[in-house]
Amino acid sequence: MAENLLLNSPHLLQKISLSPVMLRLMQEAVKPEPNFTVMAETIRLDPALATTVLNLVNSAFYGLPQKVTDLHRAVSVLGSRELLKVAVAMSLQKDLEHGFPDCEYDFFPDWRLIVWSAIAAELLAARLCPRQADQAYLCALLKDISLLFLRCAAKELLADPDQRDRITVLDKNQLEYEEERWGMHHGALSQMLLTRWGIPADMCESIRAHHALDSLSEQSPLTQAVVLATQWSEMELGHASGPFSVVQFEVLLRGVLGMSEREVDSLRSECLEKFRSMLESLGIGEGDQNRAYYRHSVKVMQGYCFLSMDLLTAEGGLSSVARTLGKHIKLNWDVKSWDLALRTPHGSSYSLFHLTPDGVLEQAEGGAFESRLPWRIKRPGLELTSSGRRLGELRLGEANLPQDELDNLGLYLRFFSQGYEYYCARQAVLEEKALAFDKVPIGVARIDAAGIVAEANSRIGEYLGLDAPARGKTLAELLSRRLPADTLAEVTAFLADSARPSFGKVVYLAERKQGGPLVDGCLYLSAHRVRDGQGQGVLLLLEDLRELSEVEVQTLRRKNFLERLVGSMQELVLTVGAKGVVDFCSRQELGLTGRDFFTVFTPHQPFSDVWGPEFFTSDHQSPVEAQLTTQGGSELPYELSIAPLTGKPGTAREYLVVGRDLTQIRRLEAKLKVRALFDGLTGLFNHYQFHTTLEREVQRCRRTGRGLGLVFFDLDKFKAVNDAQGHLAGDAVLKGVGAMLLRQVRQGMDYPCRYGGDEFVVIVTEIDRERLRAIGQRILIDVRELFKGLVTVSAGVSMLQETDTPETLLKRVDNLAYASKTAGGDTLSEG
């Protein structure tokens, strides 16, 4: 797990630590009153940073009337806090880009997102929580710091280790992956790192929840500003799900901020102006401007959004889609001839349409792969894409559109493409289902609660000998035309008994077709109660069984029963051929049927056996733990039990695989691992982990010859707090001590632990006696000042001696702490 790896690896902690300049600036920025002297001294430690800060101060971002040449003047003009925000942003950029020269990662796309979200968070907070606007800026600036550091320091922990840019854009299922792999998502990991670097807890909570858009109304105003800014940056820079969401987000902003459309547009313009100035000062270009939506006004985007909505009601197949596009571009750009290729809704082929200058829409015969389309217009076209998927291309007969009109047409096509994507997912599916519904070799009818046919396919009319459509007639009226009276009575009884879920019967009858002789007929009639948007109804099925023997009919019924039985099981059930192809899968939504079993499942390492069709014939150990990779890219852990369906393992032609989903078990294991390492109240290492770490560090000290010491202390007057104010107050004291230790110790070198009750111990590595005494004294002073004398500490410190074991060292510092307690407390004993 990433958390365990981070906390137990001093080398990795050192790699992802911020520079001393950045740490001091950040800790100063969160103070109620920043100290300019400390700030100026810190910035001057890095001349390049000081120069860059002054360049930004003099940029259009602030619009100062006179050039500022020194930090004192910059503070007098902008104020200490504003200058600090600039310095923190600059220093963070430098830490990331210069701290990992071999990272092979393009930080610029992420910096554009970070800069927009930081500026937006400040502007939003100025309206939601004005006193916390500066905090909102810092939260948005630092919210994804864990992802950026991990990408260069430990990229193997990420879902896509080879991702080369935009790692801060939230992917589908990313948070779930991080929870499962790390035991926490990246917001919580950023919170943990920032808390250890001295950032206040209330700010860190906003960083933890910066993706909580679904629960926005439940968040504090500061967190709302950070969440909205995070989403806003992904929207405006073109990394969100599509252009529709940009328009929808503008409506959300108006609702949350209580602002008019004009006021939100003005806020957007202010954010854009500051965004561009900041990028210029950081030496970062705007990147692919065709992707960004901030180049276009919200009003224009709303217009194109409404136009693309026409696709949601288009009927008549792809030709209706082509007509809709033709109508839009004729009215808005006066384009009178074009070629349009549209990807078919459920395939990889394309349909090509051509509009002649006379306004005649023509469609090329059949579908074809894109490379073989018979284009009439040969010049390059405009691409239709949505969700990263190419959906078609538009080529214009006119070539004289000015660039700004082409830009607007490109924006319209982005909206049109997303509308077409929705069309493919909904309307096209409905049309295809209607066609399949009519051609399926089974009569199907839906009966409403009143016994009236709501819809039916043509087979119903054929099987029941109807002269007119079945819709609108009563079920009794339809069945009485063809079926025996006893069958009609049974169906009527089923309809009256709402407790019966289904009914089925094989009906034999004699029929005469086109004046010929009587012919024996056989129908299987079944009815099933269903509930839809109109309430409870009945689904009626009629199947012609004349070509099936009675034995075949019974076999089909048993097969259907067994499939429904297996489908209701919690376990995943597969049948796999000897060559590894999946013949049957109980969970159809996984899409495993027809795929290679040994490709979609990957065994957990270490795995010494062969993983291929030979596995079936080997003397393998069952069960096997393996990872299932679905068609959507998600990974699910399973425990697989494998057995031959017939014959012996070496001769069987088919194998049964039963998989037990381990997802919940793995999540529980991850949580248990975290609880096994840390004290749940203070966040420090627990008693068990203290002994494990002390044993390890003593051995390392012997091996390297570097100093090791312990600081052991307990709280004076703690029992009085519990007795007088209650255990909740006592817990607050313990949490405060834990947070203080996490701030004071050196990351990756010192290990603060809760020994038990009100006793604490810190393992201090690479230390000498004088510095160990100073650490002990600092803890005494910090606790005294933190609680204003309500509680103090009795402490003991000691270095590891040549003859010491972990046990003797611990016993000595425990006795020293007891001596301090005996001496009246609030003191330090050294031995």
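Everything numeric here is computed off the predicted structure, so don't read it as measured data. (Residues numbered from 1 in each chain as written. Predicted model: local features only at pLDDT ≥ 70, side-chain atom pairs only at ≥ 80, totals over all residues. Heavy atoms only, no water.)

K.L.:
How should I be thinking about the overall build of the protein in this particular structure?
P.N.:
Helices and strands together make up the secondary structure of the protein, namely 32 helices and 21 strands. Each of the 831 residues in the protein was classed as buried or not, and the buried ones make up 47%. Long-range contacts, defined as pairs at least 24 residues apart, comprise 57% of the intrachain contacts of the protein with a sequence gap of at least 6. When the accessible surface of the protein is summed, it comes to about 40500 Å², and 51% of that surface belongs to carbon and sulfur atoms. (Helix = DSSP H or I, 4+ residues; strand = E, 2+ residues; numbered from the N terminus. Buried < 20%, exposed > 50% of the residue type's maximum accessible area, 1.4 Å probe, protein only. Contact = heavy atoms within 4.5 Å. Areas by Shrake-Rupley, 256 points an atom, 1.4 Å probe, with all protein chains shown as cover.)

K.L.:
Would you mind going over the packing of aromatic side chains with me for this structure?
P.N.:
The description of an aromatic ring pair rests on the distance of the ring centres and on the angle between the ring planes. Throughout the structure, instances matching the rule amount to 27 aromatic pairs. Put simply, the rings of Phe 597, Phe 598, Phe 601, Trp 611, Phe 615, Phe 616, Tyr 638 and Tyr 655 touch in pairs and so form one group of aromatic residues. In this arrangement the basic side chain of Arg 696 is found over the ring face of Tyr 751, its NZ or CZ atom lying 5.5 Å from the centre. (Phe/Tyr/Trp six-rings, centres within 6.5 Å; stacked < 30°, edge-to-face > 60°. Lys NZ or Arg CZ within 6 Å of the ring centre and 35° of its normal.)

K.L.:
I'm lost on the environment of Asp 750 in this one. Help?
P.N.:
Residue position: Asp 750 is located in strand β18 (residues 750-756). Since its relative accessible area comes to 7%, Asp 750 is described here as buried. Leave out the neighbours within four places in its chain, and Asp 750 touches Val 745, Val 762, Ile 763, Val 764 and Thr 765. A polar atom in the side chain of Asp 750 sits 2.7 Å from the side chain of Arg 746. (Polar contact = N/O pair within 3.5 Å; in protein donor to acceptor, adjacent residues only side chain to side chain.)

K.L.:
Honestly, the sheet that holds strand β11 (residues 572-577) in this entry has me stumped. Any pointers?
P.N.:
Sheet architecture is open: 6 strands sit in the order β12-β11-β16-β15-β14-β13, paired in antiparallel fashion. Across the chains shown, the open sheet's two edge strands, defined by having one partner strand only, are β12 (582-585) and β13 (601-603). Neighbour-to-neighbour, the strand axes of this sheet turn through a mean angle of 35°, independent of strand direction. Judged from the 3 bridges that link them, β13 and strand β14 (residues 624-629) form a sheet pairing that is antiparallel. (Pairing = 2+ DSSP bridges. Axes fitted to C-alpha atoms, helices over the stretch in contact; angles between N-to-C directions.)

K.L.:
Sorry if this is basic, but what is going on with the pattern of salt bridges here?
P.N.:
Side chains carrying opposite charge are able to pair once their charged atoms draw close together. One pass over the full model with this rule turns up 32 salt bridges. Arg 254 is the salt-bridge partner of Glu 250, the closest N and O atoms lying 3.2 Å from each other. Highlighted residues: Glu 250 and Arg 254, both in helix α15 (residues 243-257), separated by 4 residues, approximately one helical turn. For Arg 395, the salt bridge identified is with Glu 393, shortest N-O distance 2.9 Å. With a relative accessible area of 13%, Arg 395 lands in the buried category. The structure contains a network of salt bridges with shared partners spanning Glu 370, Glu 383, Arg 390, Glu 393 and Arg 395. (Salt bridge = Lys/Arg side-chain N within 4 Å of Asp/Glu carboxyl O.)

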